[in-house]
Amino acid sequence: MGDDFSSGENLQGNAAYGALLMEIREGRLSPGDRLRETDLATRFGVSRTPVREAIRQLEADGLVTHLPRVGATVRKLGYSEVMELYEMRSVLECAAARMAASVASDAEISELKAISDELANSGRGNDASRLNRQFHRALLETAKNRFLIKSMLALQKTMLILGRTTLADEDRYKSALLEHKDILDALKARDGEAAERAMRAHIASGQRARIRALRSELDDDTHI
């Protein structure tokens, strides 16, 4: 009986963890937001115990921190952490693009193009962000290197707390579409060096957009 209860609590904890990740990913929970166990338990229809366990998991992932007199909050990355994150993303995704150019099947490249086409028709915002994640995840899978995939998936969890997607900005959205096309052209040509260059330019462009967003947030804070 005790084992059944424990198993049920674990299942609820996993569900609460997944729900919290989704809320962070979709921007319903933003960096700096407080995580109130009672409110979350009510929202997810579970007791406070699985919510507490989910928050512990998020803390272990580095997505949640405890602030004095506030409690558990979604962690807000500092400027240097954001720069380090993009540096590592460039290293890993450039490697993935280079590998993918050598091993991708025609079907895999066609699927990447289909995702990119859907992204071009999605408009800005959450749909664009979701499709962009799909594109990068599909490219990562196409590289067929399990250790690279594992490293990138760990990094992607931290990327969830970067804040609002830069694809909400029209100029960034348009430039990202062109950058995806450059990556696809290199993959079709089976040119690993060109694929790596195109991905590096893509990540650098995203990093510049993120810096502009951080500067804008800082300006807003100084006017409060």
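What you are looking at is a predicted structure, and each value in this text was computed from that prediction instead of being measured.

(A) Examining the pattern of salt bridges more closely. All chains considered together, the criterion is met by 19 salt bridges. Measuring nitrogen to oxygen at the nearest pair gives 3.0 Å for the salt bridge that ties R172 to E179. For the pair R172 and E179, a shared accessibility class is recorded, and that class is buried. Beyond isolated ion pairs, a larger network of salt bridges with shared partners links E23, E26, R28 and R43.

(B) How the structure looks around the packing of helix α2 (residues 37-44) against helix α3 (residues 48-61). Where α2 contacts α3, the axes come no closer than 9 Å and their chain directions differ by 110°. Classified by the angle between their axes, α2 and α3 sit roughly perpendicular to one another. In this structure, α2 crosses over α3, and the sense of that crossing is right-handed. On α3, the residues that touch E37, T38, L40, A41 and F44 of α2 are R48, V51, R52 and I55. Considering only residue class, the contact of α2 with α3 consists of five nonpolar, one polar and three charged.

(C) Layout of the nonpolar core. Within the largest apolar cluster, 55 residues are counted, with the highest numbers of intra-cluster contacts made by L35, I55, L139 and L187. For this core, the leading source of residues is helix α4 (residues 79-103), giving 10 residues. L131, L167, Y173 and L177 belong to the second-largest nonpolar core, a separate cluster that totals seven residues.

(D) Structural detail: the environment of L140. In this fold, L140 is placed in helix α6 (residues 126-143). In contact with L140, not counting residues within four places along its chain, are A96, L148, I149 and M152.

(E) Region of interest: helix α8 (residues 170-188). The terminal C-alpha atoms of α8, which comprises 19 residues, lie 27 Å apart, in line with the 27 Å expected from a rise of 1.5 Å per residue. Turning to α8, its buried residues are R172, Y173, A176, L177, E179, H180, I183, L184, A186 and L187. The backbone nitrogen of D171 has a side-chain oxygen 3.2 Å away, supplied by the residue at the start of α8, namely D169. Immediately downstream of α8, the backbone of R190 shows phi near 55°, a positive value.

(F) Summary view of the packing of α6 against helix α7 (residues 146-159). Two numbers describe how α6 lies on α7: the axes approach to 8 Å, and their chain directions differ by 155°. Classified by the angle between their axes, α6 and α7 sit roughly antiparallel to one another. Taken as a pair, α6 and α7 cross one another with a handedness that is right-handed. Here R137, L140, E141 and A143 of α6 lie close against α7, whose contacting residues are L148, I149, M152 and L153. Along the lines of polarity and charge, the residues of the contact of α6 with α7 split into six nonpolar, no polar and two charged.

(G) Representation of the side chain of S90 within the structure. Its place among the elements puts S90 in helix α4. Beyond its immediate chain neighbours, meaning those up to four positions away, S90 contacts R200 and I203.

(H) View of the pairing of strand β1 (residues 64-67). Where β1 lies against strand β2 (residues 71-74), four bridges are found, and the strand directions are antiparallel. Within β2, the residue paired with V64 across the bridge is V74. What sits between the antiparallel neighbours β1 and β2 is a turn of three residues, in which R69 has the positive phi angle 65°.

Reading the values: the criteria
- Residues numbered from 1 in each chain as written.
- Predicted model: local features only at pLDDT ≥ 70, side-chain atom pairs only at ≥ 80, totals over all residues.
- Heavy atoms only, no water.
- Salt bridge = Lys/Arg side-chain N within 4 Å of Asp/Glu carboxyl O.
- Buried < 20%, exposed > 50% of the residue type's maximum accessible area, 1.4 Å probe, protein only.
- Axes fitted to C-alpha atoms, helices over the stretch in contact; angles between N-to-C directions.
- Helix = DSSP H or I, 4+ residues; strand = E, 2+ residues; numbered from the N terminus.
- Parallel < 35°, antiparallel > 145°, perpendicular 65-115°, else oblique.
- Left-handed = near helix turned anticlockwise from the far one by under 90°.
- Contact = heavy atoms within 4.5 Å.
- Nonpolar A, V, L, I, M, F, W, Y, C, P; charged D, E, K, R; others polar.
- Core = buried A, V, L, I, M, F, W, Y, C linked by side-chain atoms within 4.5 Å.
- Expected span 1.5 Å × (residues − 1).
- Polar contact = N/O pair within 3.5 Å; in protein donor to acceptor, adjacent residues only side chain to side chain.
- Pairing = 2+ DSSP bridges.

Limitation: the analysis is restricted to geometry and does not speak to function.
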